[in-house]
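Architecture and fold: a report
Here's the letter readout for the chains.
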Amino acid sequence: MNVSAHLQALGCLLAGALMLLLGTPGVDFLGRGDLRTPKDRAALRKEVGEPAATIGITLADLNRSLRLPLYDKVAWVQKPFRLSQNWSLYRDGPHRVRRLEIWVDGDLKHRSADPDYTWLNPQLRNRRVRPMVESTTMKKGSPNWRGLSRYIGERAREDFPGCQRVELRAMEGPFPGEKMTQHHQIVLTAPSWTAEES
């Protein structure tokens, strides 16, 4: 009997069990309070129906009563070895969709990710410019909104001579983005072409 081989096999088994416990796919994103109240459980039943809701509630209860207490006892091992894992990064897609629309004199010229409105697409999709477009679309008062709007205004005056108004509309809505509402806008008007955010 080779004791070393048995200890090695036991060590591998324990390491595998530890990895599965610390990053259990499908339930590692569930919090301690998820699906705990009757209101949350009823909402899940209404959203997904049976038997999926019962399966989800059972998994949440098992996670809370069995996995999380064990997790709390061994989670410390992740820090010194930098082993923290999370399987839920892309578990259910984006919750909100954001798009930039550019209107010139009331005509839609550009919309993010729309093959029908592609004016300035190569420039705005450039890897150095895209973060400015994204930050301007995500929140009002982003650090780059003035420079981006100034550039778009200059290009609009070149490509659409005589234009009087350029609007950058930050649109957002629930995934998949079929119903979008305006979050904020940036307007440039002739003759001053000074950008105003509202």
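Residues numbered from 1 in each chain as written. Predicted model: local features only at pLDDT ≥ 70, side-chain atom pairs only at ≥ 80, totals over all residues. Heavy atoms only, no water.

Comments concerning the environment of A5
- Turning to its location among the elements, A5 is positioned in helix α1 (residues 3-22).
- Separated by 44 residues in the primary sequence, A5 and G49 place their C-alpha atoms 50 Å from one another. (Helix = DSSP H or I, 4+ residues; strand = E, 2+ residues; numbered from the N terminus.)

With respect to the packing of α1 against helix α3 (residues 52-74)
- Following both chains from N to C, one finds α1 and α3 inclined at 115°, their axes separated by 9 Å at the closest point. α3 is crossed by α1, and the crossing has left-handed handedness. Between α1, through L18, L21 and L22, and α3, the contact on the second element is made entirely by R67, L70, Y71 and V74.
- In terms of residue class, the contact of α1 with α3 is built from six nonpolar, no polar and one charged. (Axes fitted to C-alpha atoms, helices over the stretch in contact; angles between N-to-C directions. Left-handed = near helix turned anticlockwise from the far one by under 90°. Contact = heavy atoms within 4.5 Å. Nonpolar A, V, L, I, M, F, W, Y, C, P; charged D, E, K, R; others polar.)

Some details on α1
- The end-to-end C-alpha distance of α1 is 28 Å, a good match for the 28 Å that 20 residues give at a rise of 1.5 Å each.
- Two or three places before S4, at the start of α1, stands the capping residue N2, its side-chain oxygen 3.2 Å from that residue's backbone nitrogen. (Expected span 1.5 Å × (residues − 1). Polar contact = N/O pair within 3.5 Å; in protein donor to acceptor, adjacent residues only side chain to side chain.)

Things to note about helix α6 (residues 130-138)
- All buried positions along α6 are accounted for by V133, S135, T136 and T137.
- Elements in contact with the buried residues of α6: β1 (96-104), α5 (121-124), α7 (145-159), β3 (165-174) and β4 (181-189). (Buried < 20%, exposed > 50% of the residue type's maximum accessible area, 1.4 Å probe, protein only.)

What about the sheet that holds strand β2 (residues 107-111)?
- One open sheet accounts for five strands, arranged β2-β1-β3-β4-β5; its pairing is antiparallel. At either end of the open sheet lies a strand with only one pairing partner, and these are β2 and β5 (196-197).
- Two elements, β3 and β4, share eight bridges in a ladder whose sense is antiparallel. Residue pairing in the sheet places M171 in a bridge with Q182 of β4. (Pairing = 2+ DSSP bridges.)

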